[in-house]
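# Results of the structural survey
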Amino acid sequence: MLGARIAALRHSRGMSQQQLAAQLDVSASAVGMYEQGRREPSGQQIVQLARLFGVSTDYLLTGCAAQPCDIESLRRIVSFAQKKLDKTLLLRGQDGTLRAVTDEDLAALLAALLA
């Protein structure tokens, strides 16, 4: 399944196996073997793939995006950080206006970025 996700993500970016191989510093045949499930990328390569494709390592390994419990954990982390900083986090809109960011806003954003 990992191989199928790698292949799908590579195709969605219009990348060749050779281009992906260059990003991972491996041969194109190694990428082909990853995609066929005949070989597994290293942990470091999985992290590289996640960053390159903008997905979480959880997604690469399991096919699942952030779980609701993950979002709740992120909300608690954001709330704790705001209390520790004793500051309100602000978001600047495209029109330049600022608005307070709620715990839920930031947790949802983080979850989307990690998914």
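For the structure itself, consult the block above.
Criteria and thresholds
- Residues numbered from 1 in each chain as written.
- Predicted model: local features only at pLDDT ≥ 70, side-chain atom pairs only at ≥ 80, totals over all residues.
- Heavy atoms only, no water.
- Helix = DSSP H or I, 4+ residues; strand = E, 2+ residues; numbered from the N terminus.
- Buried < 20%, exposed > 50% of the residue type's maximum accessible area, 1.4 Å probe, protein only.
- Contact = heavy atoms within 4.5 Å.
- Core = buried A, V, L, I, M, F, W, Y, C linked by side-chain atoms within 4.5 Å.
- Arc of directions from axis to C-beta.
- Axes fitted to C-alpha atoms, helices over the stretch in contact; angles between N-to-C directions.
- Parallel < 35°, antiparallel > 145°, perpendicular 65-115°, else oblique.
- Nonpolar A, V, L, I, M, F, W, Y, C, P; charged D, E, K, R; others polar.

### Looking at the overall build of the protein
Within the protein, the regular secondary structure consists of 7 helices and 2 strands. Reading the secondary structure of the protein in the N-to-C direction produces α-α-α-α-α-α-β-β-α. Considering the protein as a whole, with its 115 residues, one finds that 30% of them fall into the buried category. Sequence separation of 24 or more characterises 52% of the internal contacts of the protein that already satisfy a separation of 6 or more.

### Quick look at the nonpolar core
Considering soluble globular proteins, one finds that nonpolar side chains tend to be buried as a cluster. Ranked by size, the top nonpolar core spans 17 residues in total, and within it Leu20, Val26, Leu49, Phe53 and Leu60 carry the most contacts. Elements with a minimum of two residues in this core: helix H1 (2-12), helix H2 (17-24), helix H3 (28-36) and helix H4 (43-53). The biggest single contributor to this core is H4, with 4 residues. Look past the residues within four positions of Val26 in its chain and what remains in contact with it is Ala21, Val31, Tyr34 and Gln45.

### Description of the environment of Thr57
Tracing the backbone shows Thr57 in helix H5 (residues 57-62). Overall, the relative accessible area of 30% leaves Thr57 in the partly exposed class. In this structure the C-alpha to C-alpha distance between Thr57 and Ile46, which are 11 residues apart in sequence, comes to 6.6 Å.

### Details of H4
Listing the buried residues of H4 in full gives Gln45, Ile46, Leu49, Ala50 and Phe53. Projected down its long axis, H4 carries its buried residues within an arc of 145°, all on one side. Away from its buried face, by an angle of more than 90 degrees, H4 presents the exposed residues Gln44 and Arg51. Here the buried face of H4 lies against H1, H2, H3 and H5. Positive phi appears at Gly54, one or two residues downstream of H4, with a value of about 70°.

### A short note on the packing of H2 against H3
Axis separation between H2 and H3 bottoms out at 8 Å; the angle between their running directions is 105°. With respect to H3, the axis of H2 lies roughly perpendicular. Contact residues: Gln17, Gln18, Leu20, Ala21 and Leu24 in H2; Ala28, Val31, Gly32, Tyr34 and Glu35 in H3. Of the residues in the contact of H2 with H3, the class split is 6 nonpolar, 3 polar and 1 charged.

Geometric values such as these leave the question of function open.
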